[in-house]
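Geometric and topological summary
Chain by chain, the residues:
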Amino acid sequence: MAHSGEPLVEVDNVQKHYGDFQALTDIDLTVHRGEVVVIIGPSGSGKSTLCRTINRLETITSGSIRIDGKELPAEGKALANLRAEVGMVFQSFNLFAHLTILENVTLGPIKVRGLKKADAEKEAMELLARVGVAQQASKLPAQLSGGQQQRVAIARALAMHPKVMLFDEPTSALDPEMINEVLDVMVGLAKEGMTMIVVTHEMGFARKAADRVVFMADGHIVEEAEPEEFFTTPKSDRAKDFLSKLLTH
């Protein structure tokens, strides 16, 4: 699909092996600035692995990944700086249990971006309000529901002013009634033009918020299309099979 934004994330011929097992094969993916790309596919298809290679939580065996034109650095300070530009939200909320919600969100901006505490707190409160949990700012993570904790995790990632947000199955650990409160925040981000790569099982979100759906199976990208086209007329047998199973459950 045509997209006016310049390429922000460029994954080029990426291979990923764990010993003899090839987790990713010949992955080519370009995500443009302001684009929302949703990655779907059966379990074990390599979706999460791909997501985690984009901020180098997983190293790649060969190929290249560029963010905003820069090759992913291997380690050290350059990698830390790059990670600050890539927000990541996981299945588990990964909040610091001993810090308040406000402290969780201000930690990165103060430590990594060198923001003054007062400025970091002001911005954090705005972000917590944006995700609907400002009134929880003085609490510890354990005092919040899973849905609230995941919204805090999103605010914490946004506090670093990332160029792109990665979401790795952000609702899969949540109770059904909490899923929508997190997806609603993500839909809002998408509408505001945040560049997002989202691995999810939530097909409603894919239909509503994605500019493009990327379907993976067995470590390959099998097909990609705009959501309407993908869900109504999938081209590959793998995608047809995957969608028919979803619709019958």
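Residues numbered from 1 in each chain as written. Predicted model: local features only at pLDDT ≥ 70, side-chain atom pairs only at ≥ 80, totals over all residues. Heavy atoms only, no water.

As recorded by an unreviewed UniProt entry, the chain carries the name ABC-type polar-amino-acid transporter and is attributed to Microbacterium pseudoresistens. Of the chain, the UniProt comment under Subcellular location (unreviewed entry) reads exactly: "Cell membrane". UniProt annotates the chain under Catalytic activity (unreviewed entry) with the comment "a polar amino acid(out) + ATP + H2O = a polar amino acid(in) + ADP + phosphate + H(+)". (UniProt positions renumbered as here; feature names shortened; annotations may be inferred.)

Remarks on the sheet that holds strand β8 (residues 195–199)
A sheet is described by the order of its strands in space; here six strands give the open sequence β6-β7-β8-β3-β9-β10, paired in mixed fashion. Sheet topology places β6 (86–89) and β10 (220–225) at the edges, where each strand pairs with a single neighbour. Neighbour to neighbour, the strand axes of the sheet diverge by 20 degrees on average, direction disregarded. With four bridges connecting them, β6 and strand β7 (residues 164–168) associate as parallel partners. Within β7, the position partnered with V89 by the bridge is F167. Each of β6 and β7 touches helix α5 (residues 146–158); the most contacted strand, β6, lies at about 170 degrees to it. (Pairing = 2+ DSSP bridges. Helix = DSSP H or I, 4+ residues; strand = E, 2+ residues; numbered from the N terminus. Axes fitted to C-alpha atoms, helices over the stretch in contact; angles between N-to-C directions. Contact = heavy atoms within 4.5 Å.)

As for unusual backbone geometry
With phi around 50 degrees, D26 is a residue other than glycine that occupies positive phi space. Phi is positive for D218, which is not a glycine, with a value near 50 degrees. Structurally, D218 can be placed in the loop between β9 (212–217) and β10.

Notes on the packing of aromatic side chains
Summed over the entire model, instances satisfying the criterion amount to three aromatic pairs. Ring geometry for F215 versus F242: centroids 5.3 Å apart, planes at 50 degrees, classification tilted. Residue F215 is found in strand β9, and its partner F242 is found in helix α9 (residues 237–248); the two are separated by 27 residues along the sequence. One aromatic cluster is present, built from ring pairs that chain together F215, F230, F231 and F242. (Phe/Tyr/Trp six-rings, centres within 6.5 Å; stacked < 30°, edge-to-face > 60°.)

Considering the sheet that holds strand β1 (residues 7–18)
What the four strands build is an open sheet, ordered β2-β1-β4-β5; its pairing is antiparallel. Pairing within the sheet leaves two strands with one partner each, and these edge strands are β2 (21–32) and β5 (70–71).

With respect to the nonpolar core
Membership of the largest hydrophobic core comes to 52 residues, with the highest contact counts inside it found for I154, M165 and M196. The element best represented in this core is helix α6 (residues 176–191), accounting for nine residues. Setting aside its immediate chain neighbours within four residues, M196 contacts E35, V36, V37, M165, F167, M186, L189, A190 and F205. Counting residues in hydrophobic clusters, the runner-up holds 28 residues, among them L24, C51, M88 and L166. (Core = buried A, V, L, I, M, F, W, Y, C linked by side-chain atoms within 4.5 Å. Buried < 20%, exposed > 50% of the residue type's maximum accessible area, 1.4 Å probe, protein only.)

Focus: helix α2 (residues 76–85)
Within α2, burial applies to L79, L82 and A84. Looking at the packing, one finds that the buried side of α2 touches β4 (62–67) and β6.

Let's talk about the packing of helix α3 (residues 101–111) against helix α4 (residues 117–130)
Contact geometry of α3 with α4 gives a least axis separation of 9 Å together with a crossing angle of 125 degrees. Looking at the two axes, α3 sits oblique to α4. Like other packed secondary-structure pairs, α3 and α4 cross with a definite hand, here right-handed. Note on element contacts: α4 touches α3 through K117, A120, E121, A124, M125 and L128, opposite I101, L102, V105, T106, P109 and I110. The class makeup of the residues in the contact of α3 with α4 is nine nonpolar, one polar and two charged. (Parallel < 35°, antiparallel > 145°, perpendicular 65-115°, else oblique. Left-handed = near helix turned anticlockwise from the far one by under 90°. Nonpolar A, V, L, I, M, F, W, Y, C, P; charged D, E, K, R; others polar.)

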